[in-house]
Amino acid sequence: MNKITKIIEINEELYNIEETPKNEEWLNAVGTTLRQGGVVAFPTETVYGLGANALDKQAAQKIYEAKGRPSDNPLIIHIAKEEDVYKIAQDISDKAYQVMKNFWPGSITLVLNKKENVPVETTGGLDTVAVRFPKHMLACKIIEAGGGFICAPSANISGKPSPTKGVHVMEDMNGKIDTIVSCDNVSIGVESTILDMTVEPPMVLRPGAITKEMLEKVIGKIAVDDGILNQKQPDKPKAPGMKYRHYAPQAEMVVVKAHPLHFSDYICKVVSKEEAIGVICCSEHKDIYHKKLAEIKVPYIIKVLGSEKNSLELTKNLYDTLRGFDQSKVEKIFTESFEGDEITQALMNRLNKAAGYNIVKIDN
Ligand code: TXA
Ligand code: MG
């Protein structure tokens, strides 16, 4: 607490070019901080990560402190070269190899049996280790500079929405960690898919942009953790982090599964005139809610995630939208429920959790 956090702003465009100068001074400094056991937040294509040397148990410990995270919740180890997975994991099956070949670098994390050198402080006491090779050039350069094995949970205070912009990380981590590398917005906006490769069939523990369908085309049958399928808090989630309340804005939140007209009727029925409310919806429905809420004269804010036809847009804007409500005075947030492709399943998984599984279904 009360550290001086160094903030490094990187021009995003520089990192869209393949050939970036290798030995920039800031990169060396960040690498040194990580190798000496410090904590550095940096962007990936999913969300911002809070990085430390994964093979140094004291460094990993600092992450739990900065986030206020329970120590039984294991960290993902990020690598910047596919072959490095063999240095921290063992018994890698042919199916795991196929997933790596097809989807790495990318937004999928594989749970594998760990090797001895990975401290249990990094894996929350488990014999398995979660490994991810991100598709973000800046992230990979930082991982390499820091020694190649960087554990990185999302760079938010435990329980809050994950950061998708540099300013979100500053809100949560300024004064608590050594360095924040900010490079504008991320491209996906929800955390990686987690696939447990230590069971047969392999099991999705957390849905993300790489979907079950995409994986099944490559390795055949995939199972899905009960909690994801049933859209409820699982009794015994296999990814320990899935049992905690997550992604939550300060205001109480409700997911309303209903036609937009029934949705707005429901709001009118349950809100009181003194209570400021928030609504999360797609661009196609916003006018319906504006009209209805203006009629009943409650103070309200409507935030649009994007078009219902574009699930990636909805997903990308989710955490910024949830954090945006924390800056306002709304006391209750009502969100639409989205249906569509499998990426929408990742979006709904986060929304349901943010609402603490407070879900209202209204039949049409
Ligand atoms: O996209 C992402 O994965 C981001 C970026 C920064 O890479 N990271 C991320 O980390 O979301 P975190 O710590 O916020 O979420 C990691 C999840 C937790 O639910 C944790 O319980 C689970 O992964 N996990 C980690 N190691 C595991 C293991 N060995 N077995 C099962 N679940 C594991
Ligand atoms: Mg997280």
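Coordinates for the structure precede this section.
The shown structure was predicted, so the numbers you read here are calculated from the model rather than taken from an experiment.

(A) Representation of the pattern of salt bridges in the model. Per the stated rule, a full pass over the model turns up 16 salt bridges. A salt bridge links Lys-95 to Glu-200; its shortest N-O distance comes to 2.9 Å. Residue Lys-95 is found in helix H4 (residues 94-103), and its partner Glu-200 is found in the loop between strand S10 (193-196) and strand S11 (203-206); the two are separated by 105 residues along the sequence. Here Glu-200 falls in the exposed class, since its relative accessible area comes to 60%. The shortest N-O distance in the salt bridge between Lys-160 and Asp-172 comes to 2.8 Å. Pair noted here: Lys-160 is in the loop between strand S8 (150-151) and helix H6 (166-173) and Asp-172 is in helix H6, with a separation of 12 residues, a long-range link. The class of Lys-160 is partly exposed, set by a relative accessible area of 22%. Taken together, the shared-partner salt bridges connect Lys-160, Glu-171, Asp-172 and Arg-323 into one network.

(B) Structural context of a negative patch on the surface. On the surface, Glu-9, Glu-12, Glu-13 and Asp-184 cluster together into a patch of negative charge. Tracing the backbone shows Glu-9 in strand S1 (residues 6-9).

(C) Representation of the packing of aromatic side chains within the structure. Here the structure, examined in full by the defined rule, presents four aromatic pairs. With a centroid separation of 6.3 Å and an interplanar angle of 70°, the aromatic rings of Trp-104 and Phe-133 are classed as edge-to-face. One end of the pair, Trp-104, is in the loop between H4 and strand S6 (108-114); the other, Phe-133, is in the loop between strand S7 (128-132) and helix H5 (137-145), and 29 residues separate them in sequence. For the ring pair Tyr-266 and Phe-334, a centre distance of 6.2 Å and an interplane angle of 80° mean the geometry is edge-to-face. One end of the pair, Tyr-266, is in helix H9 (residues 260-270); the other, Phe-334, is in strand S16 (residues 332-336), and 68 residues separate them in sequence. We classify Phe-334 as buried; its relative accessible area is 0%.

(D) Fine view of the pairing of S11. Direction of pairing for S10 relative to S11: antiparallel, over a ladder of three bridges. Paired with Asp-196 across the two strands is Met-203, which belongs to S11. Between the antiparallel neighbours S10 and S11 lie six residues. As defined by bridge partners, S11 adjoins strand S12 (residues 223-224) across two bridges and the pair is classed as parallel. In the sheet register, Val-204 faces S12, and the bridge partner there is Val-224.

(E) Spotlight on unusual backbone geometry. A cis geometry characterises the amide bond from Trp-104 onward to Pro-105, with omega recorded as -10°. Looking at where Pro-105 falls in the secondary structure, it is placed in the loop between H4 and S6. Here the residue pair Glu-200 and Pro-201 is connected by a cis peptide bond, since its omega of -5° sits within 30 degrees of zero. Notably, Asp-91 is not glycine yet its phi reads approximately 55°, a positive angle. For Asp-91, the location among the structural elements is in the loop between strand S5 (89-90) and H4. Under the relative-accessibility criterion, Asp-91 is labelled exposed at 60%.

Thresholds applied
Residues numbered from 1 in each chain as written. Chains lettered and ligands numbered in written order. Predicted model: local features only at pLDDT ≥ 70, side-chain atom pairs only at ≥ 80, totals over all residues. Heavy atoms only, no water. Salt bridge = Lys/Arg side-chain N within 4 Å of Asp/Glu carboxyl O. Helix = DSSP H or I, 4+ residues; strand = E, 2+ residues; numbered from the N terminus. Buried < 20%, exposed > 50% of the residue type's maximum accessible area, 1.4 Å probe, protein only. Patch = residues over 30% accessible without salt bridge, like charges linked within 9 Å, V, L, I, M, F, W, Y side chains within 5 Å. Areas by Shrake-Rupley, 256 points an atom, 1.4 Å probe, with all protein chains shown as cover. Lys, Arg positive; Asp, Glu negative; His and termini not counted. Charge placed at Lys NZ, Arg CZ, Asp CG, Glu CD. Phe/Tyr/Trp six-rings, centres within 6.5 Å; stacked < 30°, edge-to-face > 60°. Pairing = 2+ DSSP bridges.

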